[in-house]
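Fold and geometry: a report
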Amino acid sequence: MTANRVRNFDRLRASAQRLAMVSLFVLVGFAVAAAQNTYFSPNNLVVSRSVYDNNRHNVTVGQLLPPSCQATQAGCNGNATNDGTYPYVWNNDVVDGSFGITSKIFLDQYTSAGILINSLEVPNSSQKGVPPPKDQLVTSFSSKSEVALNLSTDGQYLTFMGYVSAIDNLDVSNSNTVIVDPTNPVGTSYYRAVALVDAKGKFKFTETNAYSGNNGRAAILNNTDGANFLYTAGNAGNGGNPQPDGIIIGAGAQILTPQTKAEVAQRPGLPSPVASFNISQLGDSQDKIGKDTNFRGLTIFNNVLYYTKGSGGNGVNTVYFVDPTLTVCNDSSGAGIPPSNAVLPAAPLAYDPAVLQTQGLDPNNMCVLNGFPTALKSKTSFPFGIWFADANTLYVADEGNGDNTYANGMYTVAASQTTAGLQKWIFDTAAGQWNLAYVLQSGLQLGVPYTVDGYPTGNNSATGLPWSPGVDGLRNITGVVNGDGTATIYAITSTVSGNGDQGADPNQLVVITDQVSATSLPSGESFSPLLTAGFAEVLRGVSFTPGSAGGH
């Protein structure tokens, strides 16, 4: 090769290298820009996780519980038996039934195969630059019904609920809002709030005075066809009977207008219920006003708002729907099917305040989905999350009955349940009702203890039962229909254990694929674990990311 040809080749090679470097910088620039503009990518999963600040100083042995109980009519429950060290701190629940400690919330993004992409921390008081007046939101660590995730009706936003509080505060999940029940033994007050987060990871918060004495559990943003409403699910009341009017109207199903102001500038007024159910619609005698709508889960499908109730000593544990037209559900109709011309609620329920203490929120505009249980105080049905695969196929997560009876290395009652797990319901168009087709349980290993790294071994001296948790059922779920006629469903597990509060157990995210057209239990379908919470962690909600094609 001549000297000139060598020099030309070197120039060409240098030019090619410069071009490659420029191309690389351009690609990196695009990637950085994309990272700056987007936090969540479509068709991934988001899991809400809470992490307890394992600080022994959170509780002092001997301190009176609940906080500020001396100022309430109910008085104090007792003295703390344990300091704030995890997991022993939850043994204080044996003394104080309202016991809980506020903790951080994380939104973890995963691939559908369970590979972690990133983790978004919800603003909280432990972060630098988040003083008390700045927007922040926390959950109550042991409150197992909190931080459900839902996509907005246009699929572009995620919503969930929490408390406007710093971390490490006691008993916030049973505190009052500014609506005070003097018989509530928890003498503190905190707003509840809905968090809305977009694909860029940007938050907005909407405060509410609903759910005083208890907790908000889930929220969905209706932002299509010109709408701009938040629907929420939860429970209210932690005191005696009768309850103040504000507690009654602040329970169950609520409607809110999303706020753009900072939390410190918001002034929420009275709660605004969007729907009401009363067991007298089923011919049953009146029970504690407001507790028939102790709701846990909610979803929207085909312009209908659905709720579930699966706990509490009042009402019916089942699946409900809202009928704003009052053509199906009314004071004398306890069960039905949504009308064909269903529309989502656009205004609060026009209730009669004169009958709150005797009849609750009247009129009643919701009823049991026809075919689902209508028996009072069911010990076999504990519905939580719900997801429609199509108009005739509904999957319902049943969290189990919470019985931690233990013998021969097994939580025996949990292991013998027949309805806990993932229920599949199919609509019979001729009969006009839903029927339970089968329950998916394989792979959940109901009642079988599993180990958690760093967890104590042996029995908890406060309960006499093992620390090791076992799966009791499922809570929040989401799913997607695949091109081959199957549906893949992701679910958060519930647990039983010897922990002082089973809601503080590290739990799991599991996945299963089911043949949508199947009407009897297929062979070979089984749950697989995708994630297990670590020490001082719990998993709460699961959803697809904003902008996803399915899962909402």
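Small disclaimer: the values here were computed from a predicted structure and weren't measured. (Residues numbered from 1 in each chain as written. Predicted model: local features only at pLDDT ≥ 70, side-chain atom pairs only at ≥ 80, totals over all residues. Heavy atoms only, no water.)

Quick look at empty space enclosed by the protein
- Enumeration according to the criterion identifies three cavities of 30 Å³ or more in this entry.
- In this model, the largest cavity occupies a volume close to 110 Å³.
- Lining of the largest cavity is provided by 16 residues; of these, S276, F277, G290, T293 and L361 occupy positions nearest its centre.
- Taken together, the residues of the lining of the largest cavity sort by class into five nonpolar, eight polar and three charged. (1 Å grid on protein atoms, 1.4 Å probe; cavity = no way out; pocket = protein on both sides within 12 Å on 5 of 7 lines; lining within 4 Å. Points joined across faces, edges and corners; volume = space filled by probe spheres on them. Nonpolar A, V, L, I, M, F, W, Y, C, P; charged D, E, K, R; others polar.)

A short note on the packing of aromatic side chains
- Within the structure shown, the criterion is met by 23 aromatic pairs.
- Through a chain of ring-to-ring contacts, the aromatic side chains of Y52, Y86, Y88, W90, F99, F141, Y455, W467 and F535 assemble into a single cluster.
- Over the ring of F106 we find R49; its NZ or CZ atom is 4.6 Å from the centre of that ring. (Phe/Tyr/Trp six-rings, centres within 6.5 Å; stacked < 30°, edge-to-face > 60°. Lys NZ or Arg CZ within 6 Å of the ring centre and 35° of its normal.)

Some words on the nonpolar core
- Core analysis: the largest hydrophobic core is formed by 40 residues, its most contacted members being Y231, Y307, F372 and L394.
- Y52, A397, L474 and V516 belong to the second-largest nonpolar core, a separate cluster that totals 39 residues. (Core = buried A, V, L, I, M, F, W, Y, C linked by side-chain atoms within 4.5 Å. Buried < 20%, exposed > 50% of the residue type's maximum accessible area, 1.4 Å probe, protein only.)

Here we look at the sheet that holds strand 20 (residues 383-390)
- If you trace the four strands from one edge of the open sheet to the other, you get 20-21-24-25, paired in antiparallel fashion. Edge positions in the sheet fall to strand 20 and strand 25 (433-440), since each of these pairs with one other strand and no more. Between one strand axis and the next, the sheet turns by 25 degrees as a mean value, whatever way the strands run.
- In this sheet, strand 25 lies alongside strand 24 (residues 421-428) in antiparallel orientation, the contact comprising seven bridges. Across the sheet, residue I426 finds its bridge partner in strand 25, namely N435. (Pairing = 2+ DSSP bridges. Helix = DSSP H or I, 4+ residues; strand = E, 2+ residues; numbered from the N terminus. Axes fitted to C-alpha atoms, helices over the stretch in contact; angles between N-to-C directions.)

Here we look at the sheet that holds strand 31 (residues 528-532)
- Spatial strand order, 28-29-30-31: four strands in an open sheet with antiparallel pairing. Among the strands making up the open sheet, the edge pair consists of strand 28 (470-481) and strand 31. On average, adjacent strands in this sheet sit at an angle of 30 degrees to one another, irrespective of strand direction.

Focus on the layout of surface pockets
- Roughly 590 Å³ of volume is contained in the largest pocket.
- As for the largest pocket, its lining consists of 27 residues, and the residues nearest its centre are G97, S143, K144, N174 and D501.
- Considered class by class, the residues forming the lining of the largest pocket number two nonpolar, 20 polar and five charged.

Re the state of the cysteines
- With the rule as written, the count across this model stands at two disulfides.
- Here C69 engages in a disulfide with C76; their sulfurs sit 2.0 Å apart. One disulfide, between C69 and C76, carries an S-S torsion of 85 degrees and so falls in the right-handed class.
- Residue C69 is classed as buried on the basis of its relative accessible area, which comes to 0%.
- Look at C76 and you get partly exposed, because its relative accessible area is 33%.
- Residue pairing for C329: its cysteine sulfur links by disulfide to C367, the two sulfurs lying 2.0 Å apart. Judged by the sign of its S-S torsion, about -55 degrees, the cystine formed by C329 and C367 is left-handed. On the criterion of sequence distance, the pair formed by C329 in the loop between strand 17 (318-322) and strand 18 (335-336) and C367 in strand 19 (residues 366-369) is long-range, its members being 38 residues apart. (Disulfide = S-S within 2.5 Å.)

Considering the pairing of strand 15 (residues 297-301)
- In terms of residue burial, strand 15 counts as a mostly covered element, since four of its five residues are buried.
- Relative to strand 16 (residues 304-309), strand 15 is paired through five bridges, and the arrangement is antiparallel. Bridge assignment links I300 to a residue of strand 16, and that residue is L305.
- Between strand 15 and the antiparallel strand that follows it, strand 16, lie two residues; N302 among them carries a positive phi value of about 50 degrees.

Some words on the pattern of salt bridges
- Counted under the stated rule, the structure contains five salt bridges.
- Across the pair D108 and R49 runs a salt bridge whose closest N-O atoms are separated by 2.5 Å. In this pair, D108 is assigned in strand 4 (residues 102-110) and R49 in strand 1 (residues 45-51), connecting sequence segments 59 residues apart. The exposure classification of D108 matches that of R49, with both residues buried.
- Notably, a salt bridge pairs K424 with D514, separated by 3.1 Å at the nearest N-O pair. (Salt bridge = Lys/Arg side-chain N within 4 Å of Asp/Glu carboxyl O.)

Notes on the pairing of strand 9 (residues 192-197)
- Summarising burial for strand 9: six of the six residues are buried, a large majority.
- Neither face of strand 9 is open: one carries R192, V194 and L196, the other A193, A195 and V197, and all of them are buried.
- Summarising the sheet, strand 9 and strand 10 (residues 203-208) pair through six bridges and their orientation is antiparallel. Bridge pairing links L196 to K204 in strand 10.
- In this structure, the hairpin formed by strand 9 and strand 10 is closed by a connection of five residues, where G201 is found at a positive phi of approximately 80 degrees.

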